[in-house]
Amino acid sequence: MNIVIKKITSNEALIVRAPVLRKNQSPDLASIKEDNLSETFHFGGFIDNKIVATATIYPENRKHSQNEWRLRGMAVLDDYQLHGIGQLILKSCFNLIQNKNGKTIWCNARIRAINFYKKCGFVICSDKFDIPSIGAHFIMEKKL
């Protein structure tokens with residue numbers, strides 16, 4: 001399996017983000033307000049020129065923190081999960097963040113993604129909370 005990771009547009013990110021993260025909801029709900037900011041970056045994972053995975057990152061500090069980046073819209077199409085594509089996309093995110101002097105990446109992680117993020121070096125740093133119409137989450141972070 002030849003996997004290629006590269007920067008993509010927000011519209012390309014939605015191709016994967018919508019069916020994975022907003023199943024049975026309007027694809028418009030997969031857009032985020034930061035999608036088209038100049039400091040936002042989208043990565044895509046491709047197999048045979050087909051986009052099968054995506055992640056979006058942008059600078060966003062939490063309270064009392066600096067040089068933090070937020071991960072949003074991390075998604076891999078169901079048929080391509082458990083093949084290491086998500087880990088490869090995260091490595092690209094980590095590299096870009098470090099090149100821009102970022103020190104931490106954080107995200108709101110769905111319960112079913114906790115183990116994936118732990119394998120990638122993230123730790124839980126919040127109590128469980130609910131995002132309406134999506135479900136339970138934890139904030140997770142990784143120091144870079």
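On a predicted model such as this, the values are computed, not experimentally measured, just so you know. (Residues numbered from 1 in each chain as written. Predicted model: local features only at pLDDT ≥ 70, side-chain atom pairs only at ≥ 80, totals over all residues. Heavy atoms only, no water.)

Student: Explanation requested: the nonpolar core in the structure shown.
Tutor: Buried together is how nonpolar side chains tend to be arranged in soluble globular proteins. Formed by 37 residues in total, the largest nonpolar core has its most connected members in Ile-57, Leu-71, Leu-90, Tyr-117 and Phe-122. Elements that contribute at least two residues to this core include exactly α1 (10–21), β2 (41–47), β3 (50–59), β4 (68–76), α2 (85–99), β5 (104–110), α3 (114–119) and β8 (135–143). Top contributing element to this core by residue count: α2, with 7 residues. Excluding anything up to four places from it in sequence, Leu-90 contacts Leu-71, Met-74, Phe-116, Tyr-117, Cys-120 and Phe-122. (Core = buried A, V, L, I, M, F, W, Y, C linked by side-chain atoms within 4.5 Å. Buried < 20%, exposed > 50% of the residue type's maximum accessible area, 1.4 Å probe, protein only. Helix = DSSP H or I, 4+ residues; strand = E, 2+ residues; numbered from the N terminus. Contact = heavy atoms within 4.5 Å.)

Student: What's the story with unusual backbone geometry in this structure? I'm lost.
Tutor: Most peptide bonds are trans, and most residues other than glycine sit at a negative phi. Despite not being glycine, Leu-82 has its phi angle at roughly 70°, a positive value. Locating Leu-82 in the fold gives a position in the loop between β4 and α2. Positioned with a positive phi, Asn-101 is a non-glycine residue whose angle comes to about 65°. Counting through the fold element by element, Asn-101 comes out in the loop between α2 and β5. According to the relative accessible area criterion, Asn-101 is exposed, its value standing at 52%.

Student: Before we go on, may I ask you to explain the side chain of Lys-142 in this structure?
Tutor: Inspection of the secondary structure puts Lys-142 in strand β8. Within the buried core, Lys-142 has no salt-bridge partner, and the shortest N-O distance to an opposite charge, that of Glu-141, equals 11 Å. A polar side-chain atom of Lys-142 sits 3.2 Å from the main-chain carbonyl oxygen of Cys-120. Every residue in contact with Lys-142, bar those within four places of it in the chain, is listed here: Phe-94, Lys-103, Thr-104, Ile-105, Cys-120, Gly-121 and Phe-122. (Lys, Arg positive; Asp, Glu negative; His and termini not counted. Salt bridge = Lys/Arg side-chain N within 4 Å of Asp/Glu carboxyl O. Polar contact = N/O pair within 3.5 Å; in protein donor to acceptor, adjacent residues only side chain to side chain.)

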